[in-house]
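Structural description and commentary
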Amino acid sequence: MFELKYKTPFEWTEAVLADFDAFLQDHAAAEKKASGMAVSMLSHYPDRKNLVRAMTDLAIEELIHFKQVLKLLQAREVLLANDEKDMYIKNIRKVFRNGKDVFFLDRLLVAGVIEARGHERFSLVAQALPEGKEKDFYVSIAKSEEKHKNLFVELAYEYFDKAEVDTRLEEILIAEAEICEKLPFRAALH
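Residues numbered from 1 in each chain as written. Predicted model: local features only at pLDDT ≥ 70, side-chain atom pairs only at ≥ 80, totals over all residues. Heavy atoms only, no water.

We now examine the overall build of the protein chain. Within the protein chain, the regular secondary structure consists of 7 helices and 0 strands. The order of α-helices and β-strands along the protein chain, N terminus first, is α-α-α-α-α-α-α. Here the C-alpha atoms of the protein chain give a radius of gyration of 16 Å, agreeing with the 16 Å that 2.2 N^0.38 yields for 190 residues. Burial statistics for the protein chain: of 190 residues in total, 50% are counted as buried. A sequence separation of at least 24 residues applies to 82% of the contacts in the protein chain between residues at least 6 apart. As displayed, the protein chain has an accessible area near 9,900 Å², and 54% of this comes from carbon and sulfur atoms. Charge centroids of the protein chain, computed over 28 positive and 34 negative side chains, lie 3 Å from each other. (Helix = DSSP H or I, 4+ residues; strand = E, 2+ residues; numbered from the N terminus. Rg over C-alpha atoms; globule rule 2.2 N^0.38 Å. Buried < 20%, exposed > 50% of the residue type's maximum accessible area, 1.4 Å probe, protein only. Contact = heavy atoms within 4.5 Å. Areas by Shrake-Rupley, 256 points an atom, 1.4 Å probe, with all protein chains shown as cover. Lys, Arg positive; Asp, Glu negative; His and termini not counted. Charge placed at Lys NZ, Arg CZ, Asp CG, Glu CD.)

Put into structure tokens, the structure is as follows:
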């Protein structure tokens, strides 16, 4: 449906593989936060029936993903880590505009772009891992994230004019690329 403006280089994948336990801890935190974001969205927009249904399904799916990552951590005898501030998320939130409708549109589109970045990076992890359950898991997670990216944009099209959505999505994609270019590579999703 749309393409990211910044392509993650292989050096990021090397950082992930160099400390895969830390990456799994960060991934677990990201899934937990994604579930919470979906619950927040359905709570803030209870009058949007399709959004409520979609966010309910998404919250459950993200929590299932959290449980799956937790199983991988436990199999490696690695504990969950404390949630850390995610500079990517902190910076991308700065694109939100004030105003009820534009804030809602930005929330949908930023969520779609974050899911697109997850799709790209989980795909890179899947490609780099050796054959086995972890590789299979990341192939599956990447496919799921791709569906999520499209879900948020489809919801935006439902509630806003297509031309407005496309224009704002382009602006957010440019801002997101600039954020990614400045962040250091580490064993984390962002």
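Another point: the nonpolar core. In this structure, Leu51, Met55, Tyr88, Leu108, Leu109 and Val113 are the most contacted members of the largest nonpolar core, which totals 39 residues. Mapped by element, the contributors of at least two residues to this core are helix H2 (20-44), helix H3 (49-75), helix H4 (87-92), helix H5 (100-128), helix H6 (133-159) and helix H7 (162-182). In this view, Leu51 contacts Met41, Leu42, Tyr45, Phe104, Leu108, Leu155 and Tyr159; residues no more than four positions away in its chain are not counted. (Core = buried A, V, L, I, M, F, W, Y, C linked by side-chain atoms within 4.5 Å.)

One non-glycine residue, Glu77, adopts positive backbone phi at about 60°. Inspection of the secondary structure assignment puts Glu77 in the loop between H3 and H4.

Moving on to the pattern of salt bridges. According to the stated counting rule, one finds 11 salt bridges in the structure shown. Put simply, Glu3 and Lys7 hold a salt bridge, and the shortest N to O gap is 3.8 Å. The burial state of Glu3 is the same as that of Lys7; both residues are exposed. Here Asp106 ties to Arg168 by a salt bridge, and the two come within 2.8 Å at their closest N and O atoms. (Salt bridge = Lys/Arg side-chain N within 4 Å of Asp/Glu carboxyl O.)

Next up on the list: the side chain of Arg107. One can find Arg107 in helix H5. Buried within the structure, Arg107 lacks any salt-bridge partner; Asp106 is the closest side chain of opposite charge, at an N-O distance of 10 Å. If we ignore the near neighbours within four places in the chain, the residues touching Arg107 are Met37, Ser40, Met41, His44, Tyr45 and Phe96.

A few words now on the confidence of the model for the protein chain. When the pLDDT values of the protein chain are averaged, the result is 96; 100% of them are 70 or greater. The least confident element of the protein chain, judged by mean pLDDT, is H6 at 94; the most confident is H7 at 98. (pLDDT = per-residue confidence, 0-100.)

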